[in-house]
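A closer look at the structure
Here is what each chain is made of, one letter per residue.
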Amino acid sequence: MINFLYFIFFILFLEIFLYFFIHYNKKNFQWLITENEEFPDFKKKNIDGFFKSSYDKNLGWLKKANVTDFHDKIKKKTKFSIDKFGARKSKYRNLKKKIEAYGDSFCFGRYVKDEHVWTEFLSKNLRCHVINYGVGNYGFDQALLRHERNKNINSIYTIIGVVPETINRINSIWKHFLEFGNIYGFKPSFFLNKKKLELRKNPIKNKRDFDKKKIIKIINQVSKNDIFYYNKFKKFQFRRPYIVSFLRNFNFNCKLFTKIFFFLFSKEKDKKKYLFPLYYSNNIEVANNLYIDQESIKLFRSLIKRFKNNTKKRNSIPVIIIFPQKKDIELFRKGQNYYCNFFNSIKDLKIIDLTKFLSKKNIEKIYLDEEHGGHLTAYGNRIVTKKIQQELKHARH
């Protein structure tokens, strides 16, 4: 009986400890999520800022035209510019021959200057304007929709360049369920209805959708369709009983709590920089596993087919470039990579998978540190340009 009481006391102590530990630290670490993060507080100032700088009704978000800004708004080290057509600024804009490039931040060339992006190097080498329409955090689906919206461009090639993690993004509707804290990242998404590809529009139509009653209704609806609500958000969420929450995701939480504990005694001041690599690696591992998930594979194949068909209607050659992230290279070197087999299985259009090529390089020179999302350095952009230029010669209708 006494042992049983000791056990009950220990469980209660552990529950109380976890409660205070989590709530004390969550204010410093946006990735520690509780019940409160299911319906976060959307502040008017932030809503106004989002609509002014990024909101796009059809795509979710998009940098406004004629903008010059910093990649890192805090340190303000590297600038980028968007031209009047919504593409990254290029000194080769007036060249007659065109190539379109859509995609995510690796396509855009985040954290490098306008003149150091791979599209700019390629423009110089080919004497052709490679129009960079990349947008940070875009999935293949959003890149595809942006391409479909941009009409009357007579281009030799149409490229979609994305990281392998794009398979997460095509399954995502609200980024917050996948990337905790990204609460304004609502987006359109495709789904298969009896093998037919259908579009689910962006759930946010205007500012009024962020009114409390409306946004709760929207979030409840999104949670029914976004696979990451249960597969990621609820799995990582701490809620009563906290012991069960800890055990639900035991291996990850052990790493998380250990890092937080050591952070308290370290000289490191940047909380985001300290914990980001843990979640960054997890997202890439989740994406890697989706390449053996049949539903995700079917969806991705359908999107690729739509891209191929739409591009050929415009008499342009479709090309997909896969930009591996640093963690992808590490998985490839360990033989734990799944996405290469998926892309190798697609034979009816040109896919330039840079994984094997970059795995033979010094990745410390190719990639920035994880604080910068492991993006390509200026040197990395130059190196991949050579490979892309070489592979484009083999792209045919």
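As the structure is a prediction and not an experimental result, all values here were calculated from the model.

Our focus in this paragraph is unusual backbone geometry. Cis rather than trans, the peptide bond between Arg240 and Pro241 has omega equal to -10°. Of note in the backbone geometry, Tyr111 takes a positive phi value of approximately 70° without being a glycine. Counting through the fold element by element, Tyr111 comes out in the loop between α3 (105-108) and α4 (118-126). Here Tyr111 falls in the buried class, since its relative accessible area comes to 16%. Unusually for a residue other than glycine, Lys195 sits at a positive phi of about 70°. Relative to the helices and strands, Lys195 resides in the loop between β8 (189-193) and β9 (196-200).

The sheet built from five strands is open, its strands ordered β6-β5-β7-β10-β11 with parallel pairing. Edge strands, defined here as strands with exactly one partner in the open sheet, are β6 (129-134) and β11 (350-353). For this sheet the average axis-to-axis angle between neighbouring strands, irrespective of direction, equals 20°. Bridge analysis of strand β10 (residues 317-322) against β11 gives four bridges, and the strand direction is parallel. Bridging from a neighbouring strand, Ile320 pairs with Ile351 of β11. Where α4 meets the sheet, its contacts fall on β5 (98-103), β6, β7 (157-162) and β10, and the angle it forms with β6 comes to roughly 165°. Sheet strands in contact with helix α12 (residues 294-313) are β7 and β10, and its direction is about 145° off that of β10.

Further remarks concern the packing of aromatic side chains. For the structure on display, the rule yields 46 aromatic pairs. With a centroid separation of 5.6 Å and 85° between ring planes, the pair formed by Tyr19 and Tyr242 is classed as edge-to-face. With Tyr19 in helix α1 (residues 2-25) and Tyr242 in helix α9 (residues 242-248), this residue pair connects regions lying 223 residues apart in the sequence. Taking relative accessible area as the criterion, Tyr19 reaches 29% and is therefore assigned partly exposed. If you follow Lys365 out to its NZ or CZ, it ends over the ring of Tyr379, 4.6 Å from the centre.

Bringing the pairing of β9 into the picture now. Pairing of β8 with β9 involves five bridges; the strand directions are antiparallel. Along β9, the bridge assignment pairs Leu192 with Leu197. Where β8 folds back on β9, the antiparallel hairpin that results is connected by two residues, among which Lys194 adopts a positive phi of roughly 55°.

To continue, consider a positive patch on the surface. A grouping of Lys91, Lys124, Arg127, Lys356, Lys360, Lys361, Arg382 and Lys386 is seen on the molecular surface, where their side chains present a positively charged patch. Counting through the fold element by element, Lys386 comes out in helix α17 (residues 378-392).

This brings us to helix α2 (residues 44-53). When α2 is considered as a whole, its buried residues turn out to be Ile47, Phe50 and Phe51. Here the buried residues of α2 occupy an arc of 95° about the axis, which is enough to place them on one side. Facing away from the buried side of α2, by more than 90 degrees, are the exposed residues Lys45 and Lys52. In this structure, the buried residues of α2 make contact with β1 (55-56) and β2 (60-61).

Here we take up the side chain of Lys187. Mapped onto the fold, Lys187 is located in the loop between α6 (166-170) and β8. Looking at Lys187, its side chain comes within polar contact range of the main-chain oxygen of Ser172, at 2.8 Å. Lys187 has contacts with Leu59, Gly60, Trp61, Asp141, Gln142, Arg169, Ser172, Ile173, Lys175, Asn202 and Pro203, leaving out every residue within four places of it along the chain.

Enumeration according to the criterion identifies 18 salt bridges in this entry. The salt bridge partner of Asp48 is Lys207, with a shortest N-O separation of 3.0 Å. One end of the pair, Asp48, is in helix α2; the other, Lys207, is in the loop between β9 and α7 (212-225), and 159 residues separate them in sequence. For Lys207, a relative accessible area of 40% puts it in the partly exposed group.

Rules used in this analysis
- Residues numbered from 1 in each chain as written.
- Predicted model: local features only at pLDDT ≥ 70, side-chain atom pairs only at ≥ 80, totals over all residues.
- Heavy atoms only, no water.
- Helix = DSSP H or I, 4+ residues; strand = E, 2+ residues; numbered from the N terminus.
- Buried < 20%, exposed > 50% of the residue type's maximum accessible area, 1.4 Å probe, protein only.
- Pairing = 2+ DSSP bridges.
- Axes fitted to C-alpha atoms, helices over the stretch in contact; angles between N-to-C directions.
- Contact = heavy atoms within 4.5 Å.
- Phe/Tyr/Trp six-rings, centres within 6.5 Å; stacked < 30°, edge-to-face > 60°.
- Lys NZ or Arg CZ within 6 Å of the ring centre and 35° of its normal.
- Patch = residues over 30% accessible without salt bridge, like charges linked within 9 Å, V, L, I, M, F, W, Y side chains within 5 Å.
- Areas by Shrake-Rupley, 256 points an atom, 1.4 Å probe, with all protein chains shown as cover.
- Salt bridge = Lys/Arg side-chain N within 4 Å of Asp/Glu carboxyl O.
- Lys, Arg positive; Asp, Glu negative; His and termini not counted.
- Charge placed at Lys NZ, Arg CZ, Asp CG, Glu CD.
- Arc of directions from axis to C-beta.
- Polar contact = N/O pair within 3.5 Å; in protein donor to acceptor, adjacent residues only side chain to side chain.

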